[in-house]
Amino acid sequence: MGWANICRRRLKVFSLALVIYMDYKASQKRNKWVSKIKKEEIWRKTHERNARRLLNLIIGLEGLWVKLGQYLSTRADVLPEAYICLLRQLQDSLPPRPLMEVKRTIEEQLGDKLESLFSKFDDEPLATASIAQVHRATLANGKEVVVKVQHEGIKRVILEDLKNAKAIINWIAWAEPQYDFNPLIDEWCREAPRELDFNIEAENTRRVSENLRCKTAEGKISGHNDVDVLIPEIIQSTEKVLILEFMDGVRLNDYEALDVLGVDRQKLVEEITRAYAHQLYVDGFFNGDPHPGNFLVSREAPHRPILLDFGLTKSISVSMKQALAKMFLAGVEGDHVALLSAFAEMGLKLRVDIPEQAMEVTNVVFRTTTPANEALESMKALSDQRTKNMKVIQEKMNLSNKEMARFNPVDAFPGDAVIFFRVLNLLRGLSSTLNVRIVYQEIMRPFAESTLKGLIGPESLRSTTWIADSQVHSEVEAELRKLLVALGKDKVLGIQVCAYKDGKVIIDTAAGVLGRYDPRPVGHDSLFPVFSATKGVTAGMVHWLADQGKLGYEEAVSSIWPEFGVKSKDQIKVHHVLNHTSGLANAMADVIKDSPLVMCDWDESLKRIAAATPETPPGSLQQYHYLSFGWLCGAIIEHASGRKLQEILEEAIVQPLGLHGELYIGIPPGVEERLATLTLDLDDIERLAELGGAPEAPAVVRERNMAEMAAGLPVLFNTLNARRAVIPAANGHCSARALARYYAALAAAGAVPPPHSSFSAPPLGSRPHQPKFPAPPSKSSKKLFGGSSRGKSPAAAPPASDVPEKKTIFSQPSIRDAFMGRGEYSELALPEGVFGLGFRRLGAAAFGHSGIGGSTGFCDAAHDFSIAVTVNKMSLGGTTRSVIQLVCSHLGVPVPPEFSATGARGPDMRPNLPPPL
C-alpha cells in the first residue's frame, strides 16, 4: 500500500466524518421549524442516508473500519435502527477475496498443494470478515473442517488504519476533552497485531476451551460456575492459516433459522454471558471481540452457543482480575469504599472526589440490558444522568461552563480495563440485538464472588497466616489467636482486638480481611465502623468540657443551646442527656424511617432535635437514645465550646493520647483505603427475625421486619455519605488499639498510658493525616452557635507538634464516678439504670459501650484493665463475647454481664428499639 493509497484512505475517512457531521447539524436546524411527525421523518431519512454512507466507506476501505462497523452493529441499545440494519451485514458477509489469492496463501503457509491437503475444498466462503475469510473443507482422513485464511496485505492496512484512528481520537480529545477515547485506541493498538497471527489465535482457542470445560467424563455439570458452550477443536495453524473442526450451526443473527429450531433466545444469551463472566472473572483470559459474527448456535438440541474467533483475546493479571471482580461486587452492594479501593487497585484515577457519581457510573456499566425497541428511551435516560453527574462535578470543582467543556473527570484509565469494558458493551449490544433482557448483576455475581473466594472464605481461614504478622505480647494473646482461627471459618471476617493491663499492652491482634469483597488484610491501623461504641467517645468529650468548666452537669441544655428550649424541653439538663433520661429517645425516628439519609445532614438533624417534643418528663425513665444521644451531646459540645465537634475530639482525646489518624467521628477524605466494610452474619439475621416476632419484643419492633432492618444497616453505613457524616451516636471509625488506649486512660481517671507497644506496625499515631474542617462561623453568627453564652473563640486547635505533652486528660480525680453516675454524682443518674452518665455500667468499677454488630470498648478500673474489639461481620455479638470471655477469664477479671453466657445483653445486642445503632 503506497503513500498515495494511504492518503486517499485518510481523505475518505475525514471527508465522510465532515459530511455526516454537517448533515446532522443541518437536520437539527430544520427540525426547529417542523411538526413532531415531520421531525421523526427527517431524522429517519438522515439516519438511513448516513448509515448508507458509512457502510459504503467501510466496505470500500475494509481493514480496521470493518471492525468498527461490526462493533457499531451490535449497539442496538444506543444506535438508530438504520445503522443496525445496514451495518449488520459487516459481521460476516463482506465481499470475498479471489479464490486464487486464498489458494496462494494456503499453499505458501502449509507448504503443499491445496489438492493434497484437502479431499474437498469449497470455493465459496462460509463468511468473509475484516481480517480473513472462512471456507469449508474435508481433510484427507475425512474429517470435516473449516479453513480460515488471512487476506493478503491486511496487516499493513490494519496498522495504517490504527494510525488514522489514533489521529481522529486525538482530534476529538483536543476538541472535546470529556470524550477522550485514547485509552481505548491505545489498547487496541497494542492488541491488534496479535490478532494478525493465527498461531496466537490457535493457542488462545485451546486455552479458552480448556478453561470453559463444563462437563465431566459422565457428562454432568461439575459446578454452578461451569458453562455449557462449544468451541471448535484446533487442527492446525500457521501465521496466516487456521484449520478448525467444523461445527454445524446457524448464525446468531439468522433470526428465522433460530425460530425454526425453537431456540430460546433468552437462555442462549444468558449462557453466552455466563461464558464471558467465567472468562473475565474466573480465568482472567477472555475474548475481547464478542460480536454476533463470532457466534453460532448448534442445530442439535439443546442448541448451545458455539464460540468462534479468539484472535483478540486479552490476558489480565490476578490482581486486575480481583480488582474488576471487586468493582462489580461493590456496585452490586452499593459499597463506596470497596469501589474506590477497586479503582485504585486497577489503576483508574479520578480528578475529583465523587464517590456517589462513581457508583452511579459503575451501576450504569453493569445495568440490566434493554431490548432494541427501548434503545431510544434508555439513551435519553443515560444522557440525562450524565448531564446531572457532570453538573454535580462542575459545582464541586467550581468550574465555569467553558472550563467544564474541557474537563475530563478521569485522570488515568488502565489499559487492561479497556477491553473489559468493550466486552461488556458488545455483550449489551448482543442482547439488545436479540431483543432480550439480561440482568448482569444476577448472572455475573457468582463468577465475581468465586474470584475472591480463595482470599475471603473458608480457604483463607485454615491457619495462623490469617492473623496479621506481629509479635505476641502475652500468653493470653497466644490463646486468643488460637480462638480466632477456630472461630474464623464461620464467624469472623475481619477483627482487631487490643487490651491493656496495668498500663501496658498485653494484646494487639489484627486478623482477617477488610470486607466481604475486599481481600486486603486487616492491619493494626485499619479503621472499623463501631456504631454505638462511638457514644462512649462522644460522652468523653462532654465530660472533658465539664472538667474544663465549659458546662455543668446540672445545667439546662437550653442555657447552652437556646434553640433547644421549646416544647417543654427547658427542664432537660446535661445529665439527663448523658443518662438517657431526657425523654427524647425516639426523636427523629419517623423521619429516619422514611428518609435515612437525613441523619447525614448535621445541621438538619440538630434543627429537628431542637424542635422535638419529649415523650416523658426528664429524669423519669431511662430509655436508650440510640441516635438522638449523639445529636444532643454533639450540640452541647459545639455550643458550649464554640467549636466543631471534631476539633474537640482532636484536642480532648486524639492529641493527648497520640491517636492521630486512628479515631474519627465522620471520616475525612484520604483515609478510605484503610476502611473496613460491613457485612452481616446471615445466621444472626434468621435469629433477628425470630426475636422480632417474640411476644416480649416491643410493639414498635414487632411491627417491623427485624431482618430487613438489620440488612439495611451495612448498605447505609458502607456508603461514604454515611461514613463522612457527623453522627456522634453511631459514626465512629477507629482501630481497636485507639479505642483500647482511650479506655485505658479512662480507667486511670484520665492519666495518659505509657506509649503504645512497638510490636504492631505502623506505630499507633504515626499516621500524619489531619482532618480539614470547614471554616468556623464568626462570633456573631447565630446559625450554629446562636446566642450561646458559652461561645468561645472558634480558632482551630493548634497542630499536634505545638501542643505540650499532657499527662492526664481530666483534672478531677472523681471523674470515674461521673462516668458511672455514682458517688457524688449518684443523684444525676437513675440508681438502678443500666447507664451512668454516658457509659453503660458493666460492674462495680467497669464501664464502656458496645455497638450493634459486636464492636465494643470498655474498662474495669478496679483491675486496671481495658479492652476493645472491632469487627466488620455484624452479628448479635457472639464472636465478641467469646473473645471477652477468654481474655477476662485468663486474667481473672470479672466478665461483664453483657458478655457472659447468661447475662442481660446491652441495648445494642438486643432489639429494644429500632434501629439500634
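Summarised in this report is the structure supplied together with it.

The rules behind the values
- Residues numbered from 1 in each chain as written.
- Predicted model: local features only at pLDDT ≥ 70, side-chain atom pairs only at ≥ 80, totals over all residues.
- Heavy atoms only, no water.
- Buried < 20%, exposed > 50% of the residue type's maximum accessible area, 1.4 Å probe, protein only.
- Helix = DSSP H or I, 4+ residues; strand = E, 2+ residues; numbered from the N terminus.
- Pairing = 2+ DSSP bridges.
- Core = buried A, V, L, I, M, F, W, Y, C linked by side-chain atoms within 4.5 Å.
- Contact = heavy atoms within 4.5 Å.
- Phe/Tyr/Trp six-rings, centres within 6.5 Å; stacked < 30°, edge-to-face > 60°.
- Lys NZ or Arg CZ within 6 Å of the ring centre and 35° of its normal.
- Salt bridge = Lys/Arg side-chain N within 4 Å of Asp/Glu carboxyl O.
- Polar contact = N/O pair within 3.5 Å; in protein donor to acceptor, adjacent residues only side chain to side chain.
- Axes fitted to C-alpha atoms, helices over the stretch in contact; angles between N-to-C directions.

**Some words on the pairing of strand β14 (residues 494–501)**
Piece 1. The buried count for β14 comes to eight of eight residues, which makes it a mostly enclosed element.
Piece 2. Burial along β14 is two-sided: G494, Q496, C498 and Y500 and I495, V497, A499 and K501, pointing in opposite directions, are all buried.
Piece 3. Across eight bridges, β14 lies against strand β15 (residues 504–515) in antiparallel orientation. Following the sheet pairing, V497 is matched in β15 by T509.
Piece 4. In this structure, the hairpin formed by β14 and β15 is closed by a connection of two residues, where D502 is found at a positive phi of approximately 55°.
Piece 5. In the sheet, β14 pairs with strand β24 (residues 865–871) via seven bridges, with the strands oriented antiparallel. Looking at the pairing, V497 lines up with V869 of β24.

**Digging into the nonpolar core**
Piece 1. Residues W631, I653 and F717 are the most contacted members of the largest nonpolar core, which totals 97 residues.
Piece 2. The element contributing the most residues to this core is helix α31 (residues 736–747), with 10 residues.
Piece 3. Contacts of W631, omitting those with residues within four sequence positions, involve M588, I592, M599, W602, S605, L606, I609, V726, I727 and P728.
Piece 4. The next biggest cluster of nonpolar side chains, apart from the first, holds 61 residues, and it includes A277, A323, A342 and F420.

**Overview of the packing of aromatic side chains**
Ring pairs (aromatic) are described by centroid distance and by the angle formed between their planes.
Piece 1. Scanning the entire structure with this criterion turns up 18 aromatic pairs.
Piece 2. Centroid distance Y281 to F420: 6.1 Å. Interplanar angle 70°. Geometry classified as edge-to-face. Pair noted here: Y281 is in helix α11 (residues 265–283) and F420 is in helix α17 (residues 415–433), with a separation of 139 residues, a long-range link.
Piece 3. An aromatic cluster of at least three residues, connected via ring pairs, comprises Y742, Y743, F810, F819, F839 and F847.
Piece 4. One Lys or Arg, K148, reaches over the ring of F198 and ends 5.2 Å from the middle of that ring.
Piece 5. Lying over the aromatic face of F285, R207 brings its terminal NZ or CZ to 3.8 Å of the ring centre.

**Remarks on the pattern of salt bridges**
Piece 1. Under the criterion given, the structure shown has 34 salt bridges.
Piece 2. The partner of R520 in a salt bridge is D518, and the shortest N-O contact between them spans 2.7 Å.
Piece 3. Classification of R520 as partly exposed rests on a relative accessible area of 22%.
Piece 4. In this structure, the salt-bridge partner of R608 is E604, at a minimum N-O distance of 2.7 Å. Of the two residues, R608 and E604 are both situated in helix α24 (residues 602–610); the distance of four residues between them amounts to about one turn of the helix.
Piece 5. Classification of E604 as partly exposed rests on a relative accessible area of 23%.
Piece 6. Because the salt bridges share partners, they merge into one network encompassing E41, R44, K45 and E48.

**Quick look at the environment of S900**
Piece 1. Here S900 lies in the segment after α33 (878–891).
Piece 2. On the basis of relative accessible area, S900 is assigned to the buried category, the value being 17%.
Piece 3. C-alpha of S900 to C-alpha of S882: the two residues are 18 residues apart in sequence and 8.8 Å apart in space.
Piece 4. From its side chain, S900 meets the backbone oxygen of P897 in a polar contact 2.9 Å long.

**Thoughts on the side chain of H473**
Piece 1. Note that H473 resides in the loop between α18 (440–453) and α19 (475–491).
Piece 2. Only 2.6 Å separates the side chain of H473 from the side chain of S757, close enough to count as a polar contact.
Piece 3. Discounting residues that sit within four places of it in the chain, H473 has contacts with V505, I506, I507, D508, S757 and F759.

**Structural notes on the sheet that holds strand β7 (residues 249–251)**
Piece 1. What the three strands build is an open sheet, ordered β7-β9-β10; its pairing is antiparallel. If you trace the sheet from one side to the other, it starts and ends with β7 and β10 (305–307), each paired once. Neighbour to neighbour, the strand axes of the sheet diverge by 40° on average, direction disregarded.
Piece 2. Bridge analysis of β7 against strand β9 (residues 295–298) gives three bridges, and the strand direction is antiparallel.

Distances and angles like these do not, on their own, reveal function.
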